Amino acid sequence: MPFSKLTPKRHSLPLFQVEVLRARRKPKAALISLVRNSELEGIEQSMRHLETRFNHKYNYPWIFFNDVPFDDTFKARTQNLTNAECFYATVPESHWSLPKWIDESRFISSLEYLGAIGVGKGWMISYRHMCRWNSGFFYKHPILDDYDWYWRVEPDVHFFCDVDYDPFAFMEENNLKYGFNMNILDDARSFPSMWRQTQEFMSEYPEFIHPEADFSWIIDHKNDGEYNNCQFFSNFEIGSLDFFRSKTYNTYFDYIDRKGGFYYERFGDAPLHTLAVVLFLSKRETHFFRDIGYQHDINKQCPANLLNKCSCEPTDLDENFYKLVMVRWRMARKR
Ligand code: GDP
Ligand code: MN
């Protein structure tokens, strides 16, 4: 039953009962995916997994984004995999093009250089736009205006375990802002200036830093306080759109964007989101979704304690990986 039908007249119930009903309201959330028409089979595979493991019980809408319009086959075949509503959004050109302050010849040199030294996808123009879009634009698309929460899904990923609760409601009820389930170390050659620029931002805008910000797990203590390149693997994210819409986050994004690192280097949305989460949130507002078994390319995590709910085999590697994440990520409170 939609919440509106459950909503009592303001004066007809004691306030605490109104609060109980309000708490049961379904979160305004969507499964979002930036994907190409050519990645239809990959997104079908991701959708099958997520629908089977989670969404067939909750029917959160799917919202697909593309820099060019989706074709009819893409629309028909994705809609065919879910009872939930699907929406298809085209990214405005202004969100997917070279900003006017970028020096084109410096950009082209960077494509050539990163390509030549073998930084992954370092030569691809579209990859630069994609990383910038995931950093500073996905939450600006008007199709998300009415939503509070997103779960980011990529083509060709795997979800191994039944998710028999609603992670969006979990986020909402626990005042969480950012959920992840893997940490990686990325190729530092793709963002050599990001940490220095972030430090400059911090000295210019100290008022934006969260009083409980914990830098300890991203600092390389042996190397003069440099960034250790540890980052949330952002192809999986369950997050608050209001966090990304905030003045704080956007001041940071604009500051970094103006310096051109999405094009002069190959800044990823993963390190950028990570640094923003570290700077602007308390650890209490972040959550490690260890129970959502997941794989993206060669990176995989299979929870060890949920055997009969998962179709993956936990290995020593998973245990070690888990310990590593926990060492890096000392949780601020038990849940
Ligand atoms: P990686 O995971 O860092 O290797 O990056 P991917 O190549 O998987 O790209 C990340 C996400 O962006 C995936 O969901 C891709 O489908 C999507 N993506 C990347 N480039 C483009 C593009 O040019 N157009 C569209 N529509 N999606 C893209
Ligand atoms: Mn990917």
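Just so we're clear, the structure is a prediction, and the values are computed from it rather than from any experiment.

### Points about the state of the cysteines
Two cysteines whose sulfur atoms are joined by a covalent bond form what is called a disulfide.
Here is step 1: Applying the stated criterion across every chain, the model contains two disulfides.
Here is step 2: Disulfide pairing is shown between cysteine 161 and cysteine 310; the S-S distance is 2.1 Å. The chirality of the disulfide connecting cysteine 161 with cysteine 310 is right-handed, given an S-S dihedral of about 110 degrees. Note that cysteine 161 is positioned in the loop between strand E5 (158–159) and helix H7 (167–173) and cysteine 310 in the loop between strand E14 (299–301) and helix H13 (316–328), a separation of 149 residues in sequence. Cysteine 310 carries the same exposure label as cysteine 161, and that label is buried.
Here is step 3: One disulfide in the model links cysteine 302 with cysteine 312; its S-S distance is 2.1 Å. What sets the handedness of the cysteine 302 and cysteine 312 disulfide is the S-S torsion sign, and at about 85 degrees it is right-handed. With a gap of ten residues between them, cysteine 302 in the loop between E14 and H13 and cysteine 312 in the loop between E14 and H13 connect regions that are remote in the sequence.
Here is step 4: Bonded cysteines in the chain are paired 1-3, 2-4 when counted in the order they occur along the chain.

### Observations concerning the coordination of the manganese ion (ligand 2)
Here is step 1: Those donors, Glu154 (OE) and His296 (NE2), are the protein atoms that reach the manganese ion (ligand 2), and they lie 2.1 to 2.2 Å from it. On the criterion of sequence distance, the pair formed by glutamate 154 in the loop between strand E4 (149–152) and E5 and histidine 296 in strand E13 (residues 294–296) is long-range, its members being 142 residues apart.
Here is step 2: Looking at histidine 296, the relative accessible area reads 13%, which means it is buried.

### Concerning the pattern of salt bridges
Here is step 1: All chains considered together, the criterion is met by 15 salt bridges.
Here is step 2: A salt bridge links arginine 36 to glutamate 39; the shortest N-O distance between them is 3.1 Å.
Here is step 3: With a relative accessible area of 41%, arginine 36 lands in the partly exposed category.
Here is step 4: The residue arginine 196 makes a salt bridge to glutamate 200 at a minimum N-O spacing of 3.2 Å.

### So, the pairing of E4
Here is step 1: Of the two faces of E4, the one carrying Trp149 and Trp151 and the one carrying Tyr150 and Arg152 are both buried.
Here is step 2: Sheet topology places E4 next to strand E11 (residues 237–240); four bridges connect them, and they run antiparallel. Residue pairing across strands places arginine 152 opposite glutamate 237, the latter belonging to E11.

Calculation criteria
Residues numbered from 1 in each chain as written. Chains lettered and ligands numbered in written order. Predicted model: local features only at pLDDT ≥ 70, side-chain atom pairs only at ≥ 80, totals over all residues. Heavy atoms only, no water. Disulfide = S-S within 2.5 Å. Helix = DSSP H or I, 4+ residues; strand = E, 2+ residues; numbered from the N terminus. Buried < 20%, exposed > 50% of the residue type's maximum accessible area, 1.4 Å probe, protein only. Donors = N, O, S within 2.8 Å, 3.2 Å for Na, K, Ca; no water. Salt bridge = Lys/Arg side-chain N within 4 Å of Asp/Glu carboxyl O. Pairing = 2+ DSSP bridges.

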